[in-house]
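This is what each chain is made of:
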Amino acid sequence: MTEHPTKLIKGRTADWEIVLGLEIHAQVASNAKLFSGAAVGFGAGPNEQVSLVDAAMPGMLPVINGHCVEQAVKTGLGLKAQINPWSRFDRKNYFYPDLPQGYQISQFAHPIVGEGEIEVERDDGSVFTVRIERLHLEQDAGKSIHDLDPDWTYVDLNRAGTALMEIVSKPDMRSPEEAAAYVKKVRTILRYLGTCDGDMEKGNLRADVNVSVCRPGDYEKFRETGSFSHLGTRCEIKNVNSYRYIQQAIEYEARRQVEIIEDGGKIAQETRLFDPTKLETRSMRSKEEAHDYRYFPDPDLLPLELDPAWIDALKAALPELPDEKKARLQSQYGLTAYDAGVLIIESARADFFEKAAAGRDAKLVANWITNGLLTRLAEAGLDIDASPIPAVDIAGLVGLIEDGTISSKIAKEVFDHMWAGEGAPAGIVETRGLVQVTDTGAIAEAVDKIIAANPDKAEAVKERPQAIGWFVGQVMRETGGKANPAAVNEILKQKLGVD
């Protein structure tokens, strides 16, 4: 069983622990919907991407989109989950204005992907395991718009029928931070696979968060017995679409449940919404059970039967996934776990690094990317693909440091000019006269000048050798920051008689 750092909620009468399970809804990367040929895209006008199937016109029959099936299988393989060669679609019956059919085509008893697990890293570098219960395909509903008119609700069916993968976890997370880390890891895997773009702002990846609280020790009893009777009643927080909101919603909901229990009340199993303005959850509806939806096999769709050889071919063609890439970057380039972890968050970052590191000091390249370039990109709101500094120029900058043409200090100035669009580093160094001074005669001349002007400080260095740092700074200032720091230190030690 995965070890979790104890995160306790201090109640008035006792300590409490949080238990969390998540359902991630990931929109399948596809040009068409799950059961129709209607286009999928963000930004279209209301009801511009709706087929007769999506609108549930009489006599219209669904036809499965084979690409969406392939994307679901690839995702299951990326989650190290069981692929079920036989699955079927069911009708999940409920009424809502933006669900024209009066039911959602989903999967219930026989999902396309079964159990799996992923390793998730916390901020402190420790790792925990989250078990995947299932992944099933389903169609999305449309959108009800309530704020355009005080008396009417408008319905936009552009999203109706869009393919979703619902990834259901076991209740294996124990803190808001773990829940956010889990969603980040799943998003990274999906983006590596190309099965979902993970754009949370557009709602292409969102999470339903199931929250309950229990007394210390009860979760361990649940893991030992599998009985949910050891856990508290859960509430589901629907459609949370940012890491920060996930954590805030959990913090509030767990505290709310503890206060109700300690006041002698009972938790009602219900679906709630998170209000990011008030930082609180509010009741949406009572929580339905499976029998409330009257699931039954969809009579218009045949079961899915997958060829094992086709599954094996998809598995063989999977890209290098985040965990494997991180391990390789550490072993091949000697990177720290932290630097490798930062670089593999996006596959484009790792590709950028490997292009820049070819034939260079890989650790130095990683440092310039993680502590320099990525910081600037974040401040500008840019992804690595839109970087104004290409990988070849990061390599060129590191090369100038390696061959002694510039110092690390000068390199920071060169980097600023590169960011401003002044071109390749070698050209900037030449144009701006930033070549490092390595002439020991010129450096010795500057050292003599500083010592002659500060005889008292020179004498004091003999008693306090660490005071030599003041002289280093003065010589660097005298040379405009261009002197080779190693040469400056060596000449100062000789001149001041310091070992």
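Refer to the structure above for everything that follows.
Overview of the structure. Just so you know, these numbers come straight off a predicted model, no measurement behind them.

## Focus: helix α10 (residues 391-402)
Argument step 1. If you check α10, its first and last C-alpha atoms are 17 Å apart, about what twelve residues at 1.5 Å a residue would give, namely 16 Å.
Argument step 2. In terms of residue burial, α10 counts as a mostly covered element, since nine of its twelve residues are buried.
Argument step 3. If you check which residues of α10 are buried, you get A391, D393, I394, A395, L397, V398, G399, L400 and I401.
Argument step 4. The first or second residue beyond α10 is G404, which carries a positive phi of 80°.

## Section: helix α4 (residues 243-262)
Argument step 1. In this model α4 runs 29 Å from its N-terminal to its C-terminal C-alpha over 20 residues, within 8% of the 28 Å that 1.5 Å per residue would give.
Argument step 2. Every buried residue belonging to α4 is among I246, A249, I250, E253, A254, R256, Q257, V258 and E262, and all of these are buried.
Argument step 3. Positioned one or two residues after α4, G264 has a phi angle of 90°, which is positive.

## Some words on the pairing of strand β4 (residues 90-93)
Argument step 1. Neither face of β4 is left uncovered, since the one carrying D90 and K92 and the one carrying R91 and N93 both have all their residues buried.
Argument step 2. Across two bridges, β4 lies against strand β15 (residues 296-297) in antiparallel orientation. Among the inter-strand pairings, D90 is bridged to a residue of β15, identified as P297.

## A word on the environment of N47
Argument step 1. For N47, the position within the fold is in the loop between β2 (15-27) and α1 (66-78).
Argument step 2. In this structure N47 comes out as partly exposed when scored by relative accessible area, which is 38%.
Argument step 3. Between the C-alpha atoms of N47 and A160, which are 113 residues apart in sequence, the distance is 9.6 Å.
Argument step 4. Discounting chain neighbours no more than four positions away, the residues touching N47 are V155, D156, L157 and N158.
Argument step 5. Among the polar contacts made by the side chain of N47, one reaches the main-chain carbonyl oxygen of V155 at a distance of 3.1 Å.
Argument step 6. Reaching out from N47, the side chain makes a polar contact with the backbone nitrogen of L157 at a distance of 2.7 Å.

## Things to note about unusual backbone geometry
Argument step 1. Not every positive phi belongs to a glycine, and K80 is a case in point at roughly 55°.
Argument step 2. By secondary structure assignment, the location of K80 is in the loop between α1 and β3 (86-87).
Argument step 3. The class of K80 is exposed, set by a relative accessible area of 53%.
Argument step 4. Look at R294: it is not a glycine, yet its phi comes out positive at around 50°.
Argument step 5. Looking at the element boundaries, R294 is found in the loop between β14 (280-286) and β15.

## Some remarks on the packing of helix α9 (residues 362-380) against α10
Argument step 1. Contact geometry for α9 and α10: axes closest at 10 Å, N-to-C directions at 125°. Overall, the two elements α9 and α10 adopt an arrangement that is oblique. With respect to the hand of their crossing, α9 and α10 are arranged in right-handed fashion. Together, L364, V365, W368 and I369 of α9 and I394, L397, V398 and I401 of α10 make up the contact between the two elements.

## So, the pattern of salt bridges
Argument step 1. Per the counting criterion, the structure on display carries 32 salt bridges.
Argument step 2. With a shortest N-O distance of 2.6 Å, R256 and E253 are connected by a salt bridge. Here R256 pairs with E253, and both are found in helix α4, just three residues apart, close to one helical turn. With respect to burial, R256 and E253 carry one shared label: buried.
Argument step 3. Among the ionic contacts, a cluster of salt bridges with common partners joins E253, R256, E270 and R272.

## Examining the packing of aromatic side chains
Argument step 1. Following the criterion strictly, the structure yields nine aromatic pairs and no others.
Argument step 2. Seen in terms of ring centroids, Y293 and Y295 are 6.0 Å apart; in terms of plane orientation they differ by 70°. Their pairing is edge-to-face.
Argument step 3. Residue classification places Y293 among the buried positions, given a relative accessible area of 13%.
Argument step 4. When the centroid spacing of 5.7 Å and the interplanar angle of 35° are considered together, the rings of W368 and F415 count as tilted. Placement of the pair is W368 in helix α9 and F415 in helix α11 (residues 408-419), with a sequence separation of 47 residues.

## Some words on the sheet that holds β4
Argument step 1. Reading across from one edge, β5-β4-β15 is the order of the three strands in this open sheet, with antiparallel pairing throughout. For this open sheet the edge positions go to β5 (103-106) and β15, each flanked by a neighbour on one side alone.
Argument step 2. Bridge analysis of β4 against β5 gives four bridges, and the strand direction is antiparallel. Note that in β5 the partner of K92 across the bridge is Q104.

Thresholds, definitions, all that
- Residues numbered from 1 in each chain as written.
- Predicted model: local features only at pLDDT ≥ 70, side-chain atom pairs only at ≥ 80, totals over all residues.
- Heavy atoms only, no water.
- Helix = DSSP H or I, 4+ residues; strand = E, 2+ residues; numbered from the N terminus.
- Expected span 1.5 Å × (residues − 1).
- Buried < 20%, exposed > 50% of the residue type's maximum accessible area, 1.4 Å probe, protein only.
- Pairing = 2+ DSSP bridges.
- Contact = heavy atoms within 4.5 Å.
- Polar contact = N/O pair within 3.5 Å; in protein donor to acceptor, adjacent residues only side chain to side chain.
- Axes fitted to C-alpha atoms, helices over the stretch in contact; angles between N-to-C directions.
- Parallel < 35°, antiparallel > 145°, perpendicular 65-115°, else oblique.
- Left-handed = near helix turned anticlockwise from the far one by under 90°.
- Salt bridge = Lys/Arg side-chain N within 4 Å of Asp/Glu carboxyl O.
- Phe/Tyr/Trp six-rings, centres within 6.5 Å; stacked < 30°, edge-to-face > 60°.

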